[in-house]
Amino acid sequence: MLSWFQNLRLNWKVNSAPAFLILVLIGVGLYACYAQRTNQAAVYGLMVGPVREAEVVSDFSSSAWTSQVHLYRLMATAATETDAKKIKALGANAGKALTDIADKLKALDDFKTGRDGEKIDKLETAVATYIKQSKNVIDMADGDAGTALVLMMGATRTFTTIANLTDDLIDSSKDFRDREIAVTDQKQNRDFMLLVILTSVAVVVGSIASFFIGRGISKPLAKMAGVLVELTKDRIVDVPYTGRGDEVGDIAKATEIFRQSIAEKVVNLRARSALDVASSNVMVSDENYNIVYTNSTMREMMQECEPELRKALPQFDSTKLMGTNMDMFHEDPAAQRKSMDELTGRQETLLTIGSQKFQQIAMPVIDHNRRRAGTVIEWRNVTVEKAIEEEID
């Protein structure tokens, strides 16, 4: 599992912790929306349930008391006054109050299927009786006050029953409302604590993941930086993480190539230092036979031979050998190149330039990929020796 994660590209690693946090926050947000909807549903249930029932019952109770007050006023007026018109007007008001009671009672039909259905049924029966008794009181008030008074007593007893049932319904609704509110509050508190815990866990887990991901990136990069510093100082050290498949592995692979080139450079520098103090005349060319190195004895020899060489090679300048192509020394460069291209080992040749004769020993330079990288040529001026040999012959 760890190896798989190490081989992930850096952009995936860097984005994994924020992505995890985003997913968790989305989950928390969805849960918060769910909790909010649930709480809204609970509040709505309270509003259409016990709260609404309490309001409807209270409204009905007010209408009932208003109707009873109208009946009292009617009876008081009928008992003390003889103004029939006034009595009829009060009777009409009492009748309207009874109609209002009936209308307000219908609003309780929505709650008959609940826990207070039986009480509402009793209340409807009592209201029906009360309305009937009250209408009889209204009818008798302007004709026979005594009979109306007797009927009023019966209506009052029924009203007492209605008042008791109404108070019982109000108390029951309030108790149920308080219990539902307490349950809703507890649920909201649980949801809030759960959200706090989930958010805290997400932050902690995300922080820990971010720390380890950051450490998993910064530590290898710091180590690779140390390796590069060592290599810039020409110190050959091992390159770690070359087996990883992420960007760190890419950097390590590139650094390994750089290390190999530095190693070659160090070897070349050591070889060059050795050649610089060697007594032999050494010249090195690249794969295209451009001169890339001459040691000090080689340069001295060319300076000594320069006057004679310029007679055959007017463009020759011993101070500008670096970068010059070796074709300048040969009458047939193509043939010489063909011979050098086929070179696989030590080759000795005699090169004549004007009056000067040079013995050359050539060796190919092969790189680590088994490809031709250049040629090393040892020069020796044998002009005098060849002249003596010719005299002897």
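Scroll up to find the structure.
Residues numbered from 1 in each chain as written. Predicted model: local features only at pLDDT ≥ 70, side-chain atom pairs only at ≥ 80, totals over all residues. Heavy atoms only, no water.

J.: So what's going on with the overall build of the chain? Which residues, and what values?
T.: The helix and strand inventory of the chain stands at 10 helices and five strands. With 393 residues in all, the chain has 33% of them scored as buried. Taking all contacts inside the chain whose residues are at least 6 apart in sequence as the whole, residues at least 24 apart take part in 60%. Element-wise, carbon and sulfur atoms account for 59% of the exposed surface of the chain, whose accessible area totals about 23,200 Å². (Helix = DSSP H or I, 4+ residues; strand = E, 2+ residues; numbered from the N terminus. Buried < 20%, exposed > 50% of the residue type's maximum accessible area, 1.4 Å probe, protein only. Contact = heavy atoms within 4.5 Å. Areas by Shrake-Rupley, 256 points an atom, 1.4 Å probe, with all protein chains shown as cover.)

J.: I'd like a rundown of helix H8 (residues 296-312), residues and numbers included.
T.: In this model H8 runs 24 Å from its N-terminal to its C-terminal C-alpha over 17 residues, within 8% of the 24 Å that 1.5 Å per residue would give. Along its length, H8 reaches its greatest deviation from straightness, about 65 degrees, at Glu306, and the proline Pro307 lies no more than four positions downstream. Those residues of H8 lying buried are Thr297, Met298, Met301, Met302, Cys305, Glu306 and Leu309. Where the residues of H8 are buried, they touch strand E1 (281-286), strand E2 (291-294), strand E3 (347-353), strand E4 (356-366) and strand E5 (372-381). (Expected span 1.5 Å × (residues − 1). Bend = angle between axes of the 7 residues up to and from the residue.)

J.: Account for the side chain of Thr297, with residues named and values stated.
T.: Tracing the backbone through its elements, the reader meets Thr297 in helix H8. Residue Thr297 is classed as buried on the basis of its relative accessible area, which comes to 17%. Here Ser280 takes part through its backbone oxygen, which lies 2.6 Å from a polar atom of the side chain of Thr297. One polar contact links Thr297 to Asn281, side chain to side chain, over a distance of 3.4 Å. Apart from residues lying up to four places away in sequence, Thr297 is in contact with Ala278, Ser279, Ser280 and Asn281. (Polar contact = N/O pair within 3.5 Å; in protein donor to acceptor, adjacent residues only side chain to side chain.)

J.: Break down the packing of aromatic side chains for me, with residues and values.
T.: Taken as a whole and assessed by the stated rule, the structure comprises five aromatic pairs. With a centroid separation of 5.4 Å and 70 degrees between ring planes, the pair formed by Phe358 and Trp379 is classed as edge-to-face. Residue Phe358 is located in strand E4, and its partner Trp379 is located in strand E5; the two are separated by 21 residues in the primary sequence. What makes Trp379 buried here is its relative accessible area of 1%. Cluster of aromatic residues (ring-pair linked, three or more members): Phe316, Phe329, Phe358 and Trp379. (Phe/Tyr/Trp six-rings, centres within 6.5 Å; stacked < 30°, edge-to-face > 60°.)

J.: Residues and numbers for the sheet that holds E2, please.
T.: On the basis of which strands lie adjacent, the open sheet formed by five strands has the order E2-E1-E5-E4-E3 and antiparallel pairing. Each edge of the sheet is formed by a strand with only one pairing partner; in this case those strands are E2 and E3. Sheet twist, expressed as the mean angle between neighbouring strand axes with direction ignored, is 30 degrees. Relative to E5, E1 runs antiparallel, the two being bridged by six bridges. In the strand pairing of E5, Asp286 is matched with Gly374. Against the sheet, helix H10 (residues 383-392) makes contact with E3, E4 and E5, and its axis sits at roughly 125 degrees relative to E4, the strand it touches most. (Pairing = 2+ DSSP bridges. Axes fitted to C-alpha atoms, helices over the stretch in contact; angles between N-to-C directions.)

J.: Break down the pairing of E2 for me, citing the residues and quoting the values.
T.: If a strand is regular, its side chains alternate between the two faces of the sheet. Note: E1 against E2, three bridges, orientation antiparallel. Along E2, the bridge assignment pairs Val284 with Tyr293. Here E1 hands over to E2 after four residues, with Tyr289 in that stretch at a positive phi of 70 degrees.

J.: Tell me about the environment of Thr349, and please be specific about residues and values.
T.: By the element assignment, Thr349 lies in strand E3. According to the relative accessible area criterion, Thr349 is partly exposed, its value standing at 31%. When the C-alpha positions of Thr349 and Ala362 are compared, they lie 8.2 Å apart, and in sequence the two are 13 residues distant. When neighbours within four sequence positions are excluded, Thr349 is seen to be in contact with Phe358, Gln359 and Gln360.

J.: Quick rundown of the pattern of salt bridges? Include the residues and the values.
T.: Tallied over the full model, the rule gives 10 salt bridges. Across the salt bridge formed by Lys122 and Glu118, the nearest N and O atoms sit 4.0 Å from each other. Highlighted residues: Lys122 and Glu118, both in helix H5 (residues 117-141), separated by four residues, approximately one helical turn. Taking relative accessible area as the criterion, Lys122 reaches 48% and is therefore assigned partly exposed. Owing to a relative accessible area of 56%, Glu118 belongs among the exposed residues under this scheme. A cluster of three or more residues bridged by salt bridges with shared partners is formed by Asp59, Asp100 and Lys104. (Salt bridge = Lys/Arg side-chain N within 4 Å of Asp/Glu carboxyl O.)

J.: I'd love a proper account of the nonpolar core, names of residues and values included.
T.: Ranked by internal contacts, the top residues of the largest apolar core, which has 34 residues, are Leu108, Leu123, Val127 and Tyr130. Elements with a minimum of two residues in this core: helix H3 (50-80), helix H4 (84-106), H5 and helix H6 (145-232). Beyond its immediate sequence surroundings of up to four residues, Val127 is in contact with Phe60, Ile101, Leu105 and Ile162. By size, the runner-up hydrophobic cluster in this structure holds 22 residues, among which are Leu313, Met328, Phe358 and Ile377. (Core = buried A, V, L, I, M, F, W, Y, C linked by side-chain atoms within 4.5 Å.)

J.: Tell me about a nonpolar patch on the surface, and please be specific about residues and values.
T.: A cluster of nonpolar side chains, contributed by Phe192, Met193, Val196, Ile197, Val201 and Val205, occupies part of the molecular surface with about 520 Å² of accessible area. Within the secondary structure layout, Val205 lies in helix H6. Taking relative accessible area as the criterion, Val205 reaches 36% and is therefore assigned partly exposed. (Patch = residues over 30% accessible without salt bridge, like charges linked within 9 Å, V, L, I, M, F, W, Y side chains within 5 Å.)

Take it as geometry only, folks, not as evidence of what the structure does.
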